[in-house]
Structures are given as structure tokens and as C-alpha cells.
Amino acid sequence: MRQEPPWTYHRGEGPRTFGVEEELLVVDPGTGVPRPLAGTVADIAAWHADVLRRADRVEPAKTELFCEMLEIATRPCLTSAELDEQLRQARHAAAAAAKEAGVAVAALATAPMRFEPLLNPADRYRRIEERFARLVDDKLTCACHVHVHLTSAEEGVGVLDRIRPWLAPLLALSANSPFWQGRDTGYASWRHQLWSRWPMSGPSELYGDVETYEETTRAMLASEVLVDDHMVYFDARLSRSYPTVEVRVGDVCQRVEDGVLLAVLVRALVETEAAAWRAGRDADPVPTAVLRLASWRASRHGLGGELLHPLTWRPAPAATVLAALLDHVTPALEATGDLDRAVRGVELLLTQGTGADLQRAAHDKEPGLGPVVADAVRRTVPD
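Quick summary incoming for the structure in this document. (Residues numbered from 1 in each chain as written. Predicted model: local features only at pLDDT ≥ 70, side-chain atom pairs only at ≥ 80, totals over all residues. Heavy atoms only, no water.)

### What to know about the overall build of the protein
- Secondary structure assignment for the protein yields 13 helices and 13 strands.
- Relative to the globule expectation of 21 Å for 383 residues, the C-alpha radius of gyration of the protein, 19 Å, shows essentially globular dimensions.
- The principal-axis extent of the C-alpha atoms belonging to the protein is close to 55 × 45 × 40 Å.
- Within the span of the protein, comprising 383 residues, buried residues form 58% of the whole.
- Working note: accessible area of the protein is about 15,700 Å², and carbon and sulfur atoms make up 51% of it.
- Here the protein contributes 42 positive and 55 negative side-chain charges, whose respective centroids are spaced 2 Å apart. (Helix = DSSP H or I, 4+ residues; strand = E, 2+ residues; numbered from the N terminus. Rg over C-alpha atoms; globule rule 2.2 N^0.38 Å. Buried < 20%, exposed > 50% of the residue type's maximum accessible area, 1.4 Å probe, protein only. Areas by Shrake-Rupley, 256 points an atom, 1.4 Å probe, with all protein chains shown as cover. Lys, Arg positive; Asp, Glu negative; His and termini not counted. Charge placed at Lys NZ, Arg CZ, Asp CG, Glu CD.)

The structure is reproduced here in C-alpha cells:
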């Protein structure tokens, strides 16, 4: 999510603004193989944005770690309808720029085809490659990051401590990366498995207060493992650029409506746990090791198997866990008028499947990975 400075903390009046950052693959429209033309697409998108003077309020696409990746973002939104519109506009703008460059964009969290990615030559990315070596080669993954406005850093840490149990179900409902390097991995979110290789990723410990959060960040930087503080890759963190909590656990979703659902649930979770923090209710002290197991189950099965229930930490059907999530955040959803959208969105996922299910269905219908990518391109930018 991008916003021109200055942007201050939420005053606690009315709904919190929220926004989304999505990473997309740049692919050959014929073969589905990723193409290293994200820089060209971003330049075309920037030209269009300048010509239109951003009258449509769409932020131009930007490059990422690899030349086959593109990042799009919404601005801060008050309503889910506004977020839905902006996300559709951002995807359409990226697709239009990609078409001029002779490529297409696909909301896939990993590249199904076997290929060698090309690193973005920017200095920061070169430093990351020098430090992490072969680990960088597997980082061509596309996520969905949701930002939610905070009233203070103290509230943000309170939220981080309390949303931990619910992040794995969000991963499960966004799972969209079963294929990687030419084969079915057996996972719904292989992106999560690749991402978990990074030493600064995954669920975080309880912090308790801002001082501990900042001390943790300083200690991580002092280790000289991280290149900078933007490499704090935890599933959720305080944004270093905006007064937001940034939830980073989800795969990029194929369908716009699934991405909006993810954002709506994240905002409701933030509001719910902010209220719990203000009321002095303790955070669940569940060990981080158990949270990692919950994330593994979500990554392995998506919504097609059992997840760890955040209230019992025992296996339960995915539908039961999502029902518990909806129940947990219902007051917040009602306050923003999003309850019906959330209920319908969950029902859609449970009946039609996640992005991972859609990919496998496309593969079963027409063998080969080219049709999988082609189907995703169509779903990424619906008519």
C-alpha cells in the first residue's frame, strides 16, 4: 500500500483504513513461462500514470527482487467496496502495461514452470544475493501484504501479540502455489515453504511492549544477517514506512474477491485484537513452535484438510476453523458492514476452492502447466 507522506496514526474515529500490496508474475502469454520484463512493464505503467495524472487513483506498478515480478498496490481505503475497485483497477492497469510489453500478468504465488529467474540489478537486491547466496534463487514468490491503520505503535504491538493464532487460517484460505519448477509439490502453498527457509521469517514471539519489539529488531540488525530493517520478514510486523500493522502471511490470490476477503478479515482481526489489548485481555501464550506447525498444516492442505484450531490447538476441519474465525471477528465485521461479504467469501472458497485448487483443476482439465498459467491470467484480470 502506498501513500504520499505525511500519513499519521489513526485517530480512533470511524473505520480504520486498509490497503493491499500484491506481487504478480510477468509471463509469456503463449507459453506461461515467466519473462524478465517487469522493468519494462513498470516503465510503461509509470508513463500511463503520468499521462493520466493519476486521475483514476491507481498507483503504478513497481519492480521487485526478480525481473519476472511486479508489485501493485492500492491506496488506503475506508470500505471493502473501495478496496475491491482499486485492486481491480490496479490489476487492469498492470495488465494493460504488460500487454504493451508483449507479456501478461498472473496472480500465482510461485511459478509453475521450470526456469531460471533473473535478479533485479538494483544495489539492494545485489547485496541480498551476496549475503544469502543460493537461498535467493528460490525467492521468486508472490505474496499479498495487507496494511491496517493503527492508532499507535503500542496498539500495533498489542495487535501483533494477539493475532498470532489466526494467521495460519489466513494462509490456508489464500493458498495459491501448488506447482513449482515443473511439478506438483503436494502442498497448497509451496510459497510458504520456500519463504520459511529465510531465518527472519515465520511467526514471531510475544513482545509485550514496543520496547521489546524495537529491541528485537535492533538485535536482528546487529547480527548483520539482515541487509536492512525491511528484511524483518515475520508473518506480521509493524510497517517501517507507514503507521500500520502489515500482515504478510498470505499467498497472492488469483481472484480479486479472495484478495479482498483476506484484507477484510485482516482488518477485522486487527480491530478485534486492538479492542482486546485496550481491555487488558492477555494474548494467547501459544509457543511459536506450535504456530509453525499450524502454518505447516495450512501450507500443506490449504482448505482441503484439517487445520490446527486456534482455540484448542487440536486438528479440526478447515470449515470449522474458518467458522471460528468468522465468529471471532463478527462484531468488527458488522461495524464496517463487511459481515455478508466475509461470509459469502468464505462460502465461495469452501465450495469452489482456493487458488491452489483452481490450479490443480485447470491441470486436470488440460494436462500441462501452460493451461494452468493461462487460466490464472484470465482470473487475475476478470472482464
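Next comes the rest of the write-up.
### Quick look at the pairing of strand β5 (residues 143-149)
- With seven of seven residues buried, β5 lies mostly within the body of the structure.
- Burial of β5 is two-sided: the residues A143, H145, H147 and H149 facing one way and the residues C144, V146 and V148 facing the other way are all buried.
- The pairing of strand β1 (residues 18-27) with β5 spans five bridges and is antiparallel. Counted as the bridge partner of F18 is V148 from β5. (Pairing = 2+ DSSP bridges.)

### Concerning the pattern of salt bridges
- Tallied over the full model, the rule gives 25 salt bridges.
- The partner of R360 in a salt bridge is D184, and the shortest N-O contact between them spans 2.9 Å. Of this pair, R360 sits in helix α12 (residues 355-365) while D184 is found in strand β7 (residues 183-184), placing the two residues 176 residues apart along the sequence.
- The residue E271 makes a salt bridge to R278 at a minimum N-O spacing of 3.7 Å.
- Take E271: its relative accessible area is 28%, and that puts it in the partly exposed class.
- One connected set of salt bridges, linked through shared partners, spans R16, E155, E271 and R278. (Salt bridge = Lys/Arg side-chain N within 4 Å of Asp/Glu carboxyl O.)

### Details of the packing of aromatic side chains
- Throughout the structure, instances matching the rule amount to eight aromatic pairs.
- Taken together, a centroid distance of 5.8 Å and an interplanar angle of 85° make the contact between W198 and Y233 edge-to-face. A residue pair is termed long-range when its members are at least 10 positions apart, and W198 in the loop between α6 (190-195) and β8 (201-202) and Y233 in strand β9 (residues 233-234) qualify at 35 residues.
- Owing to a relative accessible area of 2%, W198 belongs among the buried residues under this scheme.
- The buried category is assigned to Y233, whose relative accessible area is 5%.
- Grouping aromatic residues by their ring pairs yields a cluster made of F132, W195, W198 and Y233.
- The ring of F18 carries the charged tip of R267 above its face, separated from the ring centre by 3.9 Å.
- A cation over a ring is seen here: R300 above Y187, with NZ or CZ 5.6 Å from the ring centre. (Phe/Tyr/Trp six-rings, centres within 6.5 Å; stacked < 30°, edge-to-face > 60°. Lys NZ or Arg CZ within 6 Å of the ring centre and 35° of its normal.)

### Considerations on a negative patch on the surface
- A cluster of acidic residues, E154, D209, E211 and E215, forms a negative patch at the surface.
- Relative to the helices and strands, E211 is located in helix α7 (residues 210-222). (Patch = residues over 30% accessible without salt bridge, like charges linked within 9 Å, V, L, I, M, F, W, Y side chains within 5 Å.)

### Here we look at the nonpolar core
- Counting 116 residues, the largest nonpolar core has L70, L170, M231 and L265 as the members making the most contacts within it.
- A per-element tally of this core places helix α8 (residues 256-278) first, with 12 residues.
- In this structure M231 touches R124, I128, F132, W198, M200 and L226, once residues within four positions along its chain are discounted. (Core = buried A, V, L, I, M, F, W, Y, C linked by side-chain atoms within 4.5 Å. Contact = heavy atoms within 4.5 Å.)

### Focus on the state of the cysteines
- Scanning the model with the defined rule gives zero disulfides in all.
- C67 forms no disulfide, and the closest cysteine sulfur to it belongs to C142, at a distance of 13 Å.
- Accessibility expressed as a relative area gives 14% for C67, which makes it buried.
- Looking at the unpaired C144, the closest cysteine sulfur is the one in C253, lying at 5.7 Å. (Disulfide = S-S within 2.5 Å.)

### With respect to α12
- Along α12, the positions that sit buried rather than exposed are G355, A356, L358, Q359 and A362. Around the axis of α12, the buried residues are gathered within 165° of arc, so they sit on the same side. In this structure, α12 carries D364 and K365 as exposed residues pointing more than 90 degrees from its buried face.
- Residues of α12 that are buried make contact with β6 (179-180), α11 (339-352) and α13 (370-380). (Arc of directions from axis to C-beta.)

### Considering unusual backbone geometry
- We note that Q181 has phi near 50°; this positive angle belongs to a residue other than glycine.
- Here Q181 shows up in the loop between β6 and β7.
- The phi dihedral of W313 falls on the positive side, at around 60°, and the residue is not glycine.
- Summarising the element assignment, W313 is placed in the loop between β12 (306-308) and β13 (315-317).

### Details of helix α5 (residues 167-174)
- Here α5 lies mainly inside the structure; eight of its eight residues are buried.
- Among the residues making up α5, those that are buried are L167, A168, P169, L170, L171, A172, L173 and S174.

### What to know about the environment of A38
- Structurally, the position occupied by A38 is in helix α1 (residues 38-51).
- A residue is classified by how much of its surface remains accessible, and A38, at 1% relative accessible area, is buried.
- Taking the C-alpha atoms as reference points, A38 and A93, 55 residues apart in sequence, are found 13 Å from one another.

Just distances and angles here, no functional claims.
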